[in-house]
Amino acid sequence: MSDPTLSPEASKKINEISQELKTALHQYPNFPKDGILFVDFLPIFRIPNLFNKLVLAFKTYVDEKFKGETIDYVVGLESRGFLFGPTLALALNAGFVPVRKRGKLPGEVYEAKYTKEYGDDYFEIQKEAIPEGSTVLIVDDILATGGSAEAAGKLVLDCDATLLGFLFVMELDFLKGRNRLQADSFTLLCGQPKSLGSVHETNSQE
């Protein structure tokens, strides 16, 4: 989604990249079940030029939105946040920290519960991963109901870090998930069909 606080130049650059990236999306009707249109953004990663532009668009947003701020860590949600989170972290000269499902991380962890359509699940982050007072961005593929992103935000705050914002590739804005989040959010590719909501709720964290 557009951000009125960005300069016209930054907004134009991000919009141009967004339109190009949308051409790479693949749609799969009736997957994983009848009546669902699955929108797949994974083809972007097959083409180095598009992958670079995906990261560039997010970096352009971050550089403009948080001008003068040092980004200490990018936090990526299991599992699709791992696809581009580390690359974006490198571009921002920041560290990368994963948020994982319960039982996947060694050592002492903070834990947060979130609700999916078939029950509760849990995210964890290592307690020593983010020093107190660090500045953090959270990234994931899709924002739907906001449950998993909200849980990740809680974990960052449990570390006594400063949560600057959330970054998503796509968003099901009709579900109003951003209203649950602890900081502002930015979505690169907008206008996803409502039928994608069922796909995400079935196959992803929320």
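Parameters at a glance
Note that residues are indexed from 1 along each chain, following the sequence as it is written. With the structure being a predicted model, the display of local features is reserved for residues of pLDDT at least 70 and the display and counting of side-chain atom pairs for 80 or more, all residues being used for whole-chain, interface and lining totals. Note: side-chain values were computed over all heavy atoms of the structure, leaving out hydrogens and water. UniProt positions are given in the numbering used here, feature names are shortened, and annotations may be inferred rather than shown by experiment. Strand pairing is defined by DSSP finding a minimum of two bridges between the two strands. By definition, any uninterrupted DSSP run of H or I lasting at least four residues is a helix, any uninterrupted run of E lasting at least two residues is a strand, and each is numbered from the N terminus. Whenever a helix is involved, its axis is fitted only over the stretch in contact; in every case the axis is a line through C-alpha atoms, and angles between N-to-C directions fall within 0 to 180 degrees. Residue contacts are counted whenever heavy atoms from the two residues lie within 4.5 Å of one another. A side-chain nitrogen of Lys or Arg and a carboxyl oxygen of Asp or Glu constitute a salt bridge if their distance falls within 4 Å.

The chain has the name Adenine phosphoribosyltransferase in an unreviewed UniProt entry, where Dekkera bruxellensis is given as its organism. What UniProt records for the chain under Subunit (unreviewed entry) is the sentence "Homodimer." What UniProt states about the chain under its Pathway (unreviewed entry) heading is, verbatim, "Purine metabolism; AMP biosynthesis via salvage pathway; AMP from adenine: step 1/1."

1. Focus: the sheet that holds strand β7 (residues 135–143)
Pairing in this open sheet of seven strands is mixed, and the strands run β5-β6-β4-β3-β7-β8-β9 from one edge to the other. The sheet terminates laterally at β5 (109–116) and β9 (185–189), the two strands that pair on one side only. Put simply, the sheet's adjacent strands are angled 25° from each other on average, direction ignored. In this sheet, strand β6 (residues 119–126) lies alongside β5 in antiparallel orientation, the contact comprising eight bridges. The residue bridging tyrosine 110 from the neighbouring strand is isoleucine 125, located in β6. Contacting β7, β8 (162–171) and β9, helix α2 (residues 48–65) crosses the sheet at an angle of about 145° to β8. Most of the contacts of helix α3 (residues 81–91) go to strand β4 (residues 95–101), to which it runs at about 165°, and overall it touches β3 (73–77), β4, β7 and β8.

2. What to know about the pattern of salt bridges
Applying the stated criterion to the full structure yields 13 salt bridges. Within this structure, Glu78, Arg100 and Lys104 form a network of salt bridges that share partners.

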